[in-house]
Amino acid sequence: MQLKRRILLILLLAMALLVGALTLTGWLGEQRWQQRYNDALLQNQRIAWDKLQSEQLENLEAVARRLLESPDFQNVRDPQATTRIEALLARTVREASPGMRIDVLSPRGSLLATTETSLDPQPMAEIGWIQRAHSMDEEVQSLIQLAPQRYEWVKIIGFDHGAIAIGQDVAPHLSALSDYLGGRIFLSNMRGAYTIGTDAGVLKNLVPDVPVRTPRALIETVGEGELQGHALQIISQPVRNFDQRVVGALVWVQDVTASHRSDRLFNALSLAAALCFAAMLVLVIALYVHHALEPLKRSVNVLKALSNGRIDAALDDGDEDSEDEAGAIARGVVAIRTELLNLDTLRQERVRTRVQQERLIRDQLRTLADSLDPTSREEILSAL
């Protein structure tokens, strides 16, 4: 393989490695930036959720304190107390925000009174939480999944004869969280499926099942429905109850189609610009190498011709005037050609001298033969 081709091949390989390294570096940098951005989104989501949850639990605690201080809530063991307490609870629920439920529980976890109207209501709180709230006068608060399509915040406060548990439906308050964060908010169950949230008709069928136990941020492109072709950014992280058990996942969905397309276009243009720059650089260097190696190629061709005996081969004018390595080689080739020309001239001169000497000897012998008798002359002429 010619030197020029080897140099160009090495150059192409070096440029390919350089472009690959720059592309990899850019991709890693983009991934690192994306990870930081996702972490910031997860943190914002967590802060907003904690703030909303804290506000609702504070409201529930205030309601619970008012109930415990009410005269109608005294003497819970009195047979007439149940009627008074149920009326008090009903009045409190009517005056409170929608979705509130209140349970009065015994220390063993049985319902003494409740605002739940179903046929067989079950306590909102686990027996362990009730016992801890009753025996240790500890405030227990938690997020629970009360039904397949219902999550509630629950505040449990113990008193002398049991505990009071106040629950608030989460669903009506997710719109406030959505307004604060932007986009759509929903809660998924332990299987990662949609349960409650904003825009149920859109999200329920479009958003894939999300991981419940680990935080995650990703961008999914919708393949069907009214949002077909849109890019959705899905931010999800687990939500836990009082015992730190995961009870679902909080999911934040934003339509980032415009920014996603802009980022993809920018990445494509950046890659195309890098490839064009690399191609132009390779072309310029290839032309320079071709121009720089052309005198060397001519020197090699002249050397090859001289080795084959063609001493008429010569370099172009000015090749030996160059100050680089090609010029030094050209001057060496000129020196070799000059020596070969001198050697050829010397050899031709020697040949001419020998021919002249032979002719002189023959003439002298012919003159000598003419001066001899016929017999001797014939012998000399035969020898000549």
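Nothing here was measured: the structure is a model prediction, and the numbers come from that model. (Residues numbered from 1 in each chain as written. Predicted model: local features only at pLDDT ≥ 70, side-chain atom pairs only at ≥ 80, totals over all residues. Heavy atoms only, no water.)

### Comments concerning helix α2 (residues 81-95)
Next, step 1: Between its first and last C-alpha, α2 extends 21 Å over 15 residues, near the 21 Å set by a 1.5 Å rise per residue.
Next, step 2: For α2, the full list of buried residues reads Ala81, Ile85, Leu88, Leu89 and Thr92. Down the axis, α2 shows its buried residues gathered within 100° of arc, on one side only. The exposed residues of α2 that point more than 90 degrees off its buried face are Thr83 and Arg94. (Helix = DSSP H or I, 4+ residues; strand = E, 2+ residues; numbered from the N terminus. Expected span 1.5 Å × (residues − 1). Buried < 20%, exposed > 50% of the residue type's maximum accessible area, 1.4 Å probe, protein only. Arc of directions from axis to C-beta.)

### Topic: the pattern of salt bridges
Next, step 1: Scanning the entire structure with this criterion turns up nine salt bridges.
Next, step 2: Between Asp243 and Arg245 there is a salt bridge, with its nearest N and O atoms 3.2 Å apart.
Next, step 3: Given a relative accessible area of 32%, Asp243 falls into the partly exposed group.
Next, step 4: When salt bridges that share partners are traced, they join Glu61, Arg65 and Lys155 into one network. (Salt bridge = Lys/Arg side-chain N within 4 Å of Asp/Glu carboxyl O.)

### Topic: the confidence of the model for the protein chain
Next, step 1: Here the protein chain averages 81 in pLDDT, while 85% of its residues score no lower than 70.
Next, step 2: Per-residue pLDDT, averaged within each element of the protein chain, yields its smallest value for helix α5 (residues 200-206) (64) and its largest for helix α4 (residues 174-181) (91). (pLDDT = per-residue confidence, 0-100.)

### Focus: the nonpolar core
Next, step 1: Grouped together as the largest cluster of nonpolar side chains are 39 residues, with contacts concentrated most on Trp49, Ile164, Ile166 and Val170.
Next, step 2: A per-element tally of this core places helix α1 (residues 3-69) first, with eleven residues.
Next, step 3: Counting residues in each nonpolar core, the second largest holds 13 residues, with Met124, Ala133, Val140 and Val154 among its members. (Core = buried A, V, L, I, M, F, W, Y, C linked by side-chain atoms within 4.5 Å.)

### Things to note about the side chain of Gln56
Next, step 1: Relative to the assigned elements, Gln56 resides in helix α1.
Next, step 2: Relative accessible area serves as the criterion here: at 9%, Gln56 is assigned to the buried category.

### Section: the environment of Arg108
Next, step 1: Residue placement: Arg108 occurs in the loop between β1 (100-105) and β2 (111-114).
Next, step 2: Sequence separation of Arg108 and Ile127 is 19 residues, and the distance between their C-alpha atoms is 6.7 Å.

### What about the sheet that holds β2?
Next, step 1: The strand order β2-β1-β5-β4-β3 describes an open sheet built from five strands, whose pairing is antiparallel. At either end of the open sheet lies a strand with only one pairing partner, and these are β2 and β3 (140-147). Strand-to-strand twist of the sheet, defined as the mean angle between neighbouring strand axes without regard to direction, takes the value 25°.
Next, step 2: Relative to β2, β1 is paired through three bridges, and the arrangement is antiparallel. The residue bridging Leu105 from the neighbouring strand is Leu111, located in β2.
Next, step 3: Running over the sheet, α2 touches β1 and β2 and is turned about 160° from β1.
Next, step 4: Across the sheet, helix α3 (residues 127-135) is in contact with β1, β3, β4 (150-159) and β5 (162-169); its angle to β4 comes to roughly 30°. (Pairing = 2+ DSSP bridges. Axes fitted to C-alpha atoms, helices over the stretch in contact; angles between N-to-C directions. Contact = heavy atoms within 4.5 Å.)

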